[in-house]
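As a plain string of letters, each chain reads:
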Amino acid sequence: MKMDVVISGVGGQGNIFASVVISQYAMNKKLNVFGAETIGAAQRGGSVVSHIRIAEGAIYSPLISRGQADLLVGMECVEMLRHLRLLNPTGTYLLNSMRIQTVLNNMGLDEYPAHEEILLAARKYCPNGYVIEASALAKKLGNIQMTNVVMLGALVKIMPFFDYEGVKWLIEANSPERFKEANIKGFEEGFKLIN
């Protein structure tokens, strides 16, 4: 068994929490896990990318090479496009349709691509993908910062590797006490987003 996962997003979306849950889930299954994060100016809305490598055997590098990821979780549209090349075209992507303007967009030096352009590019590269309104659902539930747990709920539905109760337990175990109930609700509702 081998699975390489990339999570891409921007600071404040909970990439690291999601990568911790995925990594702990795999370790609980007695699998080897090796990972790395790139966190640039994350606290200022910069890019955050997590590489999570899972295997029964030895793993020699924490970074996932071009075309090797089995799963790409895009917490933000442009950030997923930036890392689409890491995904194996036969893999799967899960995209949150949230669009966050980049610094260059805000300075008027660059233009954010149209949503349809983003979806066409993703589908052209990899036909097996899911696009969900995770941030919109998290906001409706009361806190947009629950986007990560909504995404984890959807992830459990599309990837048979994960089981519902195991991931739910890890979300609860890793959540601060004051967020436990809301995070579990976000996870449960995210699971329902995929039919």
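Higher on the page you've got the structure.
Note that the coordinates shown come from a computational prediction; the quantities given were computed from them, not determined experimentally.

Participant: I tried to follow the overall build of the protein on my own but got confused; where do I start?
Facilitator: Of the regular secondary structure elements, the protein holds 8 helices and 6 strands. Along the protein, helices (α) and strands (β) appear in the sequence β-α-β-β-β-α-β-α-α-β-α-α-α-α when read from the amino end. Taken against the 2.2 N^0.38 rule, which gives 16 Å for 195 residues, the C-alpha radius of gyration of the protein at 16 Å falls within 12% of a compact globule. Taken along its principal axes, the extent of the C-alpha atoms in the protein is 50 × 40 × 35 Å. For the protein, with 195 residues in total, the buried portion stands at 48%. The long-range share in the protein, meaning contacts at least 24 apart out of those at least 6 apart in sequence, stands at 63%. Total accessible area on the protein is roughly 9,700 Å²; 53% of this is exposed by carbon and sulfur atoms. If you average the places of the 19 positive and of the 18 negative side-chain charges in the protein, the two averages end up 1 Å apart.

Participant: How do you make sense of the state of the cysteines when you look at a structure like this?
Facilitator: Structurally, a disulfide amounts to a covalent bond that connects the sulfur atoms of two cysteines. This model, assessed by the stated rule, comprises 0 disulfides. In this structure C77 is not part of a disulfide, and its nearest cysteine sulfur, from C126, lies 15 Å away. Its relative accessible area of 0% is what places C77 among the buried residues. In this structure C126 comes out as buried when scored by relative accessible area, which is 0%.

Participant: Please explain the packing of aromatic side chains as it appears in this structure.
Facilitator: Within a pair of aromatic rings, the relevant descriptors are the distance that separates the centres and the angle that separates the planes. With the rule as written, the count across this model stands at 5 aromatic pairs. With a centroid separation of 5.2 Å and 45° between ring planes, the pair formed by Y25 and F162 is classed as tilted. Taken together, the residues span a long stretch of sequence, with Y25 in helix α1 (residues 15-28) and F162 in the loop between α6 (147-158) and α7 (164-174) at a distance of 137 residues. For Y25, a relative accessible area of 4% gives the class buried. Taking 5.0 Å as the distance between ring centres and 40° as the angle between the ring planes, the aromatic pair formed by Y164 and F187 counts as tilted. Linking Y164 in helix α7 with F187 in helix α8 (residues 180-193), this pair joins segments that are 23 residues apart in sequence.

Participant: Hey, could you run me through the nonpolar core in this one?
Facilitator: Side chains that are nonpolar tend, in soluble globular proteins, to be buried together. Counting residues in each nonpolar core, the largest one holds 38 residues, and the members touching the most others are I22, L155, F162 and I171. Of all the secondary-structure elements, those providing two or more residues to this core are β1 (2-10), α1, β3 (47-55), β4 (69-74), α5 (134-141), α6, α7 and α8. Ranked by residues supplied to this core, first place goes to α6 with 8 residues.

Participant: Whenever I open this one, empty space enclosed by the protein confuses me. Can you help?
Facilitator: Gaps left between atoms are located by rolling a probe of water-molecule size over the structure's atoms. Using the criterion set out here, one finds 1 cavity of 30 Å³ or more in the structure. Volume-wise, the largest cavity comes out at about 40 Å³. Considering the residues around the largest cavity, the lining is formed by I7, A18, I22, V73, M75, N148, M151, L152 and L155. Among the secondary structure elements, those contributing two or more residues to the lining of the largest cavity are α1 and α6. Tallying contributions element by element places α6 first for the lining of the largest cavity, with 4 residues. Tallied by class, the residues present in the lining of the largest cavity amount to 8 nonpolar, 1 polar and no charged.

Criteria and cut-off values
Residues numbered from 1 in each chain as written. Predicted model: local features only at pLDDT ≥ 70, side-chain atom pairs only at ≥ 80, totals over all residues. Heavy atoms only, no water. Helix = DSSP H or I, 4+ residues; strand = E, 2+ residues; numbered from the N terminus. Rg over C-alpha atoms; globule rule 2.2 N^0.38 Å. Buried < 20%, exposed > 50% of the residue type's maximum accessible area, 1.4 Å probe, protein only. Contact = heavy atoms within 4.5 Å. Areas by Shrake-Rupley, 256 points an atom, 1.4 Å probe, with all protein chains shown as cover. Lys, Arg positive; Asp, Glu negative; His and termini not counted. Charge placed at Lys NZ, Arg CZ, Asp CG, Glu CD. Disulfide = S-S within 2.5 Å. Phe/Tyr/Trp six-rings, centres within 6.5 Å; stacked < 30°, edge-to-face > 60°. Core = buried A, V, L, I, M, F, W, Y, C linked by side-chain atoms within 4.5 Å. 1 Å grid on protein atoms, 1.4 Å probe; cavity = no way out; pocket = protein on both sides within 12 Å on 5 of 7 lines; lining within 4 Å. Points joined across faces, edges and corners; volume = space filled by probe spheres on them. Nonpolar A, V, L, I, M, F, W, Y, C, P; charged D, E, K, R; others polar.

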